[in-house]
Protein chains: 4
Amino acid sequence: MPDVCNIALIGQKFMGRVHCNAYWQAPKFFNLAVKPVAHTVVGKDLISLAPFADRWGFRKYNLNWKDVVKDPEVHLVDISSPSYMHAEQALAAIAAGKHVACERPLSSNLKDARSMRNAAARSSRSKTFVWFNYRRTPAIAFARQLVKEGRLGRIYHLRAQFLQSWGGPSAPLTWRFQKKYAGYGAHGDLNSHMIDLARFVTGQEFTEITGALAETVVVERVLAEQPKAVTARSAANKAKGKSDVDDATMFLARMSGGTFATFEASRIAAGHHNNNMLELNGEHGAVRFSFEDMGYLWYYDNREDRRTAGWRRIQCTSAGNHPYAGAWWPDGHPIGYEHTFVNLLADMMAFLGGQDPTVPLSDFHDAYESQRVLEAVLLAAKHRAAVKMAEIK
Amino acid sequence: MPDVCNIALIGQKFMGRVHCNAYWQAPKFFNLAVKPVAHTVVGKDLISLAPFADRWGFRKYNLNWKDVVKDPEVHLVDISSPSYMHAEQALAAIAAGKHVACERPLSSNLKDARSMRNAAARSSRSKTFVWFNYRRTPAIAFARQLVKEGRLGRIYHLRAQFLQSWGGPSAPLTWRFQKKYAGYGAHGDLNSHMIDLARFVTGQEFTEITGALAETVVVERVLAEQPKAVTARSAANKAKGKSDVDDATMFLARMSGGTFATFEASRIAAGHHNNNMLELNGEHGAVRFSFEDMGYLWYYDNREDRRTAGWRRIQCTSAGNHPYAGAWWPDGHPIGYEHTFVNLLADMMAFLGGQDPTVPLSDFHDAYESQRVLEAVLLAAKHRAAVKMAEIK
Amino acid sequence: MPDVCNIALIGQKFMGRVHCNAYWQAPKFFNLAVKPVAHTVVGKDLISLAPFADRWGFRKYNLNWKDVVKDPEVHLVDISSPSYMHAEQALAAIAAGKHVACERPLSSNLKDARSMRNAAARSSRSKTFVWFNYRRTPAIAFARQLVKEGRLGRIYHLRAQFLQSWGGPSAPLTWRFQKKYAGYGAHGDLNSHMIDLARFVTGQEFTEITGALAETVVVERVLAEQPKAVTARSAANKAKGKSDVDDATMFLARMSGGTFATFEASRIAAGHHNNNMLELNGEHGAVRFSFEDMGYLWYYDNREDRRTAGWRRIQCTSAGNHPYAGAWWPDGHPIGYEHTFVNLLADMMAFLGGQDPTVPLSDFHDAYESQRVLEAVLLAAKHRAAVKMAEIK
Amino acid sequence: MPDVCNIALIGQKFMGRVHCNAYWQAPKFFNLAVKPVAHTVVGKDLISLAPFADRWGFRKYNLNWKDVVKDPEVHLVDISSPSYMHAEQALAAIAAGKHVACERPLSSNLKDARSMRNAAARSSRSKTFVWFNYRRTPAIAFARQLVKEGRLGRIYHLRAQFLQSWGGPSAPLTWRFQKKYAGYGAHGDLNSHMIDLARFVTGQEFTEITGALAETVVVERVLAEQPKAVTARSAANKAKGKSDVDDATMFLARMSGGTFATFEASRIAAGHHNNNMLELNGEHGAVRFSFEDMGYLWYYDNREDRRTAGWRRIQCTSAGNHPYAGAWWPDGHPIGYEHTFVNLLADMMAFLGGQDPTVPLSDFHDAYESQRVLEAVLLAAKHRAAVKMAEIK
């Protein structure tokens, strides 16, 4: 393993930009055994690709990902394309002996995800990573530590919500609303994170999806890209198409350590811009997190004297006390969304350099387990044995 | 109808005490057409009953409820006994032509609840009421008004939680943990409130219980009343019994207006003493409530300019603007738990005097609808068609 | 001392109503050695007085307070009239050998307050009380206990704010805006509470007013009672008068235990309906309170491991653990504004019965000390320079 | 002006590191007319300087700032050294025709600050900037916009607090506790920010310091660098020295638009790690900010119907709606502490390129006005009397 890691990034949109920032910030804030290098970026059109490459300091850019994954200079392929492309790209990269860091959910369907897991398992050269960035919010990583130390005892309840509101009736039909591209709607986009966090924080596996409700509320949407002939039309006459993914998915589950879990993901939850929330209530204590206050973990010690017992708002910025805090600023100086990715990239590089990551990384095998849960939920929603109220007299 | 309402209270524990306070406070803070009078109290032992009657100004006290419900002086029988006694007492009171105010859930089982509903329907003289006090938290009544005005548009999501933590492994086996007395555990005690609030605030009915999970976590508990012979035994040797009600019940549901609802009730949720929470997310806006901050309704106007849009923390204490606020103190001076009962009693008296209550009252017919939902949930939990994770390869 | 305490209430407005509620609730929730009785109420006009007396169960009502304070049946005179009347009424009551409970501030000026203190000191029969109700918010009383136990160590900072917003330019010129009636504006109304709380919670006395700023922002106001001839005039032509009390008063102070204190009182602080806030930061910890969340005390333990240290939100409703909680409802069931008065009345009755109050009571001597601080602040504001408390006799 | 701006950074500690990050991030997230380049870094010892230069990509490093400020390749000198060195370094840089970006407070004393202001005024070539980073927290910049639009009307109250807790008795005697190096304690470190924010958000100037209290609570501290001979000594025997700067400073002030302002800065406020808070209450509305929730501005619209009026929690992350939001991530994805510096550097570069900054920048003239206030406060504290700003030249 060289002491640099040349990265080929596929995708230059939101996730691409977040990853690029991580390539640059990680070596400045962490002491890395392996240094990430922005080597090649792959996009769909040169008009935007060239300035993107220039801005982020890539050495090369290319429209053809198939060539890039074989480039001998490249050590790691970073897949930030839409979910339906993950499998083909990852398989090619693994075949070429590259390490792979893939965005989540692992794929747009379970079959592809399985092939990715299997390819990773068979490869002796490729290390795989999945960008479950929220694990590395310091408060979440800290919650995992508290759970591991037994501070909560047996965990009775887990409550996970990831609520957004950008997907109302006026949102156009982008790829994110189409099953063939995205695989899933809010469920894949948002529950995939929460399923991962539930497994990560508790160390438990899902054993049963007890009930589920997945729904496409807004079926007809204006096309994101209007056919040329109609661009001049009024809004009312705009060309429309069908959305076939869920706008919201809720489910109940049991986990291997006896925890009862409730999940809710939505893109139509007015009032929430990007709020993932996690709460665990155990025999000895409880923890609570909301990404709207990402710098804090709330902790309730149930064994404390009731007189002074209360939810504690712990600002997770103390070096030496809270995960990743030492890499950044002095106590009380918050970090933001992007740092969850920087922390993750730093841990990937640590791992490639033979060091232990601060908290466990997700690889294709691990991410496949989460995708199994995604699928089980949809199956439960489809084959549900709901009780109709009309049956109860 | 006389201009006073002589009340016979059955039960002198927690609920009895709350109701008594309402008899005294309501006429001092509201201009009532009918004045409640603490007339007779019924209890189980004279040792505690006599001082209770004295403290709360009852004219009489009695150990035999069957005599009391026939007392010609009594106008209304207030049933605050354990759930399994509701039906017999209510039927007797209705047979005697009395009005009845009954604690919730309506009964410990659906059959008894049905007989109560039917008796009420057949009676031409008796008016019935159910003590769903949380409806009359000003913030909740205000939420209902906003929904009715269309401020939320179509409601996509309803999220209801009622979390407590007093029922951990060390809590003894009182009647509340036994099906024959209580009928249900956390589900009947807590979800009954939330099911009522969901129906009350949205004006929708439940159409389907999509999935449910009900669980007795702590099966074996120390008996609340130890047999005499063992009182000297050490804690480890104390006589134990089985709990056969749920410690926690979660469910997913669909409602008649297209709302997806999630519910969670627990007595083992560390960190929560008595927190009921309700959130609705609609097309045009959202509202949020927590009993831990009972004086406030949070409101998000989704049609507002995003620049200044944000969750508004509305202190519901403004006379003329917020329900019940005018009866109490000037703006900014909070009321507490007991006032939800006072507000309810005031509305009962208004109704008996031919006036409109501030917000709708629940009667036996209405409460029976909520009990049907309670039962449907348990049926869904029992006959569930869960997906085992082992089925997903 | 008889085992009942017949109370003569002077004043039937906001405070009168709050006190009446306390007479009724206290004996129902506390085991009182002396039982308060609503005996006589004194008001200004019979039209409102008779129904008020009826509603609250007074045995008598009267327009002439001078007769009432001499009534041999009366044991305690409760003065809820405007501040400028306190001294004359209190002196007459003490002269007649009655106990006195007086609203705060003690008087509208220091000279009168001094005469009240002196009369109380000279009397061997009269016990005096001042209605500093906020002391008996459970969270505040609990804060005092934590301070006394040394949990905060040396207290470096005290921060007190009492912010309201009803006194903007459109508020009419009631007696509260006139010095001859009220003595002070926001300062007397609001800072009087916070000065009392600062002394109560810390156990320290003020030693110096280091700087002060008191201001009448809205000088001209529409008369609250328009002359008959002008009632038909348009708003613009309404008769006006001058306000000569402060709308807002801020000051800095030093206290005897080395604490630096900042105070701010305002009736023109938009966004705040009735919010008093207190925070103390000490060597070993800190506490924080806001009346907008009156059920909670926030506590920070500075000696705790930084890893899990955080502000704890303690719900002060646990019987046996938090002051007054045992008198009310089970854990997690909040009380409201009025209960601070009920708690206070219960402690007054306990004291008259020879028992210890839960936390110390304020009498005329104690309230005079707070009034000295009020005066020192205005002096500092006037001279724009520090004032030593020793200068104020 | 070239299209690159070569920066010479003096200082490699906390502030140096924050600035370096800004050099790298700004051109990646903003479209800059002038691109910052990490050119030379100046430090005190080569052992740490060389790796620092390497990590942050500086072309050169140097122990002698006097040489560096004359380097013809350098366009801008970034002064992040202790306050007492600012004047000498800034004057030399200006004399050499360089632009200067200086950390705040402008200097350790008013005389030096005045010479800096004068040198900047006389120079035709040098542009000056001061690192008042908190101005560029999006919520703060947004608050300024709301004030400018008249949303608050006349501002009655301004409340500013900057509370930290690292300066307790156990903190060693670093340069920050010595007047000759730092000039001021908490006052210069923390109030300098709040004075700047008060002027920035309101657009008003200070007219009077009405009262002030500045105090050194912990006079004797263990030396940060122990003499060699004593390093082996026990803690109790460690060499000590005197702190001669304030641990906490509070003051009251009047501003030119009629606002009454209260300020409090402390390094010994347990419970607060790095919390600056600002609240303004005006005739038509109010805004509130806390750096502990830096992503949000709370806004109260006082002209709204009281029924739905409430503090709104506005998440300031909406591109096009909130300052700087468009440069970063999609709505709901928070930024952190460091981004306030990146936003500021981007505006500096915009200004050097002839563009308008998003919100006004502070230069030496502007920062001198803030330093006059700093000095007036200490004068008021010393004389225990009000000081008119006109007295401070």
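Structure report, in brief. Since we're looking at a predicted model, the values are computed, not measured.

Before going further, it helps to examine the overall build of chain A. Looking only at helices and strands, chain A features 10 helices and 17 strands. A globule of 393 residues ought to have a C-alpha radius of gyration of about 21 Å, and chain A, at 22 Å, matches this closely. In terms of overall dimensions, chain A has C-alpha extents of about 65 × 55 × 40 Å along its principal axes. Split into buried and exposed, the 393 residues of chain A put 63% on the buried side. Long-range contacts, defined as pairs at least 24 residues apart, comprise 72% of the intrachain contacts of chain A with a sequence gap of at least 6.

Okay, helix H5 (residues 110-122) of chain D next. All names here are of chain D. The first and last C-alpha atoms of H5 sit 18 Å apart over 13 residues, in line with the 18 Å expected at 1.5 Å per residue. Buried residues of H5: Asp-112, Ala-113, Met-116, Arg-117, Ala-119 and Ala-120, and no others. Each buried residue of H5 lies within a common arc of 165° when the element is viewed along its axis, so the set occupies one face. Exposed residues on H5 whose side chains face more than 90 degrees from its buried face are Lys-111, Ala-121 and Arg-122. Where H5 is buried, its residues contact helix H4 (86-95), strand S6 (128-130) and helix H10 (364-383).

For an α-helix, 3.6 residues make a turn, and residues three or four places apart therefore share a direction. Residue and element names in this part refer to chain C. In terms of burial, helix H6 (residues 138-148) is a largely internal element, 8 of the 11 residues being buried. Three or more residues of H6 are buried, namely Pro-138, Ala-139, Ile-140, Ala-141, Phe-142, Ala-143, Leu-146 and Val-147. Considering only its buried residues, H6 is in contact with helix H8 (186-202), strand S14 (285-290) and strand S15 (296-301). Trailing H6 by a residue or two, Gly-150 shows a phi angle of about 85°, which is positive.

Taken together, the contacts link 45 residues of chain B with 45 residues of chain A. Only strand S7 (155-163), strand S8 (206-215), strand S11 (248-255), strand S12 (260-266), strand S13 (275-282), strand S14 (285-290), helix H10 (364-382) and strand S17 (387-388) of chain B provide two or more residues apiece to the side of chain B that touches chain A. Here the side of chain B that touches chain A gets 9 residues from one element, more than from any other, and that element is S8 of chain B. Split into classes, the residues belonging to the side of chain B that touches chain A amount to 24 nonpolar, 13 polar and 8 charged. Bridge analysis of strand S17 (residues 387-388) of chain A against S8 of chain B gives 2 bridges, and the strand direction is antiparallel. For Lys-388 of chain A, the partnering residue across the bridge sits in S8 of chain B and is Glu-208 of chain B.

Here the focus is the pairing of strand S4 (residues 76-79) of chain A. Residue and element names in this part refer to chain A. Of the two faces of S4, the one lined by Leu-76 and Asp-78 and the one lined by Val-77 and Ile-79 are each fully buried. Where strand S1 (residues 4-10) and S4 come together, 4 bridges link them in parallel fashion. Residue pairing for S4: Ala-8 is matched across the bridge by Val-77. Where S4 meets strand S5 (residues 99-102), 4 bridges bridge the pair, whose relative direction is parallel. Looking across to S5, one finds that Val-77 is bridged to Val-100. Traced from S4 through helix H4 (residues 86-95) to S5, the parallel crossover comes out right-handed.

All right, on to the interface of chain D and chain A then. Taken residue by residue, the interface counts 23 residues in chain D and 23 residues in chain A. Those elements that place two or more of their residues in the side of chain D that touches chain A are helix H1 (14-29), helix H2 (46-56) and helix H9 (338-352) of chain D. Sorting elements by how many residues they give to the side of chain D that touches chain A places H1 of chain D first, with 4 residues.

This brings us to the packing of H5 of chain D against H10 of chain D. Residues and elements named next belong to chain D. Across the interface, H5 lies against H10 with an axial gap of 9 Å and an inter-helix angle of 165°. Considered as vectors, H5 and H10 are oriented roughly antiparallel to each other. Both H5 and H10 take part in a crossing whose hand is left-handed. Of the residues in H10, those touching H5 at Leu-110, Ala-113, Arg-114, Met-116, Arg-117, Ala-120 and Ala-121 are Phe-364, His-365, Tyr-368, Gln-371, Arg-372 and Glu-375.

This part covers the nonpolar core. In terms of nonpolar packing, the biggest core is built from 279 residues, with Leu-297 of chain A together with Leu-297 of chain B touching the most fellow members. The contact partners of Leu-297 of chain B, leaving out residues within four places of it in the chain, are Ala-139, Phe-142, Ala-143, Val-287, Phe-289, Ile-314 and Cys-316 of chain B. Counting residues in hydrophobic clusters, the runner-up holds 275 residues, among them Tyr-337 of chain B together with Val-42, Met-194 and Val-217 of chain C.

Moving on, we get to the relation of the copies chain B and chain A. In this structure, two copies of a chain are linked by a rotation about an axis accompanied by a shift along it. For the pair chain B and chain A, the best superposition has an RMSD of 0.0 Å and corresponds to a rotation of 180° with a translation of 0.0 Å parallel to the axis. One copy is carried onto the other by what is essentially a two-fold rotation axis. The position closest to the rotation axis in chain B is occupied by the C-alpha of Gly-211 of chain B, lying 2.1 Å away. Taken as a fraction of all interface residues of chain B, those also at the interface in chain A reach 100%, which identifies the copy contact as same-surface.

Definitions and cut-offs
- Residues numbered from 1 in each chain as written.
- Chains lettered and ligands numbered in written order.
- Predicted model: local features only at pLDDT ≥ 70, side-chain atom pairs only at ≥ 80, totals over all residues.
- Helix = DSSP H or I, 4+ residues; strand = E, 2+ residues; numbered from the N terminus.
- Rg over C-alpha atoms; globule rule 2.2 N^0.38 Å.
- Buried ≥ 20, exposed ≤ 12 C-beta atoms within 10 Å, placed from the backbone.
- Contact = placed C-beta atoms within 7 Å.
- Expected span 1.5 Å × (residues − 1).
- Arc of directions from axis to C-beta.
- Nonpolar A, V, L, I, M, F, W, Y, C, P; charged D, E, K, R; others polar.
- Pairing = 2+ DSSP bridges.
- Right-handed = clockwise from strand over helix to strand, strands pointing away.
- Axes fitted to C-alpha atoms, helices over the stretch in contact; angles between N-to-C directions.
- Parallel < 35°, antiparallel > 145°, perpendicular 65-115°, else oblique.
- Left-handed = near helix turned anticlockwise from the far one by under 90°.
- Core = buried A, V, L, I, M, F, W, Y, C linked by C-beta atoms within 7 Å.
- Least-squares fit on C-alpha atoms with pLDDT ≥ 70 in both.

Geometric values such as these leave the question of function open.
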